[in-house]
Amino acid sequence: MGTGVAENLLKNGFRLTVHERSERVRQWASGRSGVRLTPSLRELGSLSKVVLILVTDNRALAEVLYSPEGIHWEAAMDRLGGNADFSRIYEFVKRKNDLKT
């Protein structure tokens, strides 16, 4: 998650569960009040009511959503009851689902 977005959420009283994808994220989150680090995307997905995904490219997005270690997007959406699209993620997921049929 972009640190600017995360900082704004924290300032407004939200608690965050953050996947420790990189050393930079671990350093940013270490000891920060209101931030819980999780070592796996699957754990992040199971702990979260809302999942915001801010990554730099489609390869990273596919890793987060669909890799064996990912959040298992379809199961998460069933549990969460839907999503809010802040980018082009809907188009990406739709294309992937279209390829399955």
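Details of the structure are given in the entry above.
What counts and how
- Residues numbered from 1 in each chain as written.
- Predicted model: local features only at pLDDT ≥ 70, side-chain atom pairs only at ≥ 80, totals over all residues.
- Heavy atoms only, no water.
- Helix = DSSP H or I, 4+ residues; strand = E, 2+ residues; numbered from the N terminus.
- Buried < 20%, exposed > 50% of the residue type's maximum accessible area, 1.4 Å probe, protein only.
- Contact = heavy atoms within 4.5 Å.
- Salt bridge = Lys/Arg side-chain N within 4 Å of Asp/Glu carboxyl O.

Trainee: Mind showing me how you'd approach the overall build of the protein chain here?
Mentor: Each helix and strand counted, the protein chain has six helices and two strands in total. When the elements of the protein chain are put in sequence order from the N terminus, they spell out α-β-α-β-α-α-α-α. Buried residues in the protein chain amount to 29% of all 101 residues. Pairs at least 24 residues apart make up 43% of the contacts formed inside the protein chain by residues separated by at least 6 positions.

Trainee: Help me understand the environment of Arg21, please; the structure alone is not making it clear to me.
Mentor: Locating Arg21 in the fold gives a position in the loop between strand 1 (16–19) and helix 2 (23–29). For Arg21, a relative accessible area of 43% puts it in the partly exposed group. With 18 residues separating them in the primary sequence, Arg21 and Pro39 have C-alpha atoms 7.8 Å apart. Contacts of Arg21, omitting those with residues within four sequence positions, involve Arg26, Val55, Ala60 and Glu63.

Trainee: Which parts of the structure should I look at to understand the pattern of salt bridges?
Mentor: Side-chain pairing between opposite charges can occur once the charged atoms of the two side chains come close. According to the stated counting rule, one finds three salt bridges in the structure shown. In this structure, the salt-bridge partner of Arg32 is Glu7, at a minimum N-O distance of 2.8 Å. Of this pair, Arg32 sits in the loop between helix 2 and strand 2 (35–38) while Glu7 is found in helix 1 (residues 3–11), placing the two residues 25 residues apart along the sequence. Here Glu7 falls in the partly exposed class, since its relative accessible area comes to 26%. Across the salt bridge formed by Arg26 and Glu23, the nearest N and O atoms sit 3.1 Å from each other. Here the residue Arg26 and the residue Glu23 both occupy positions in helix 2, the gap between them amounting to three residues, near one helical turn.

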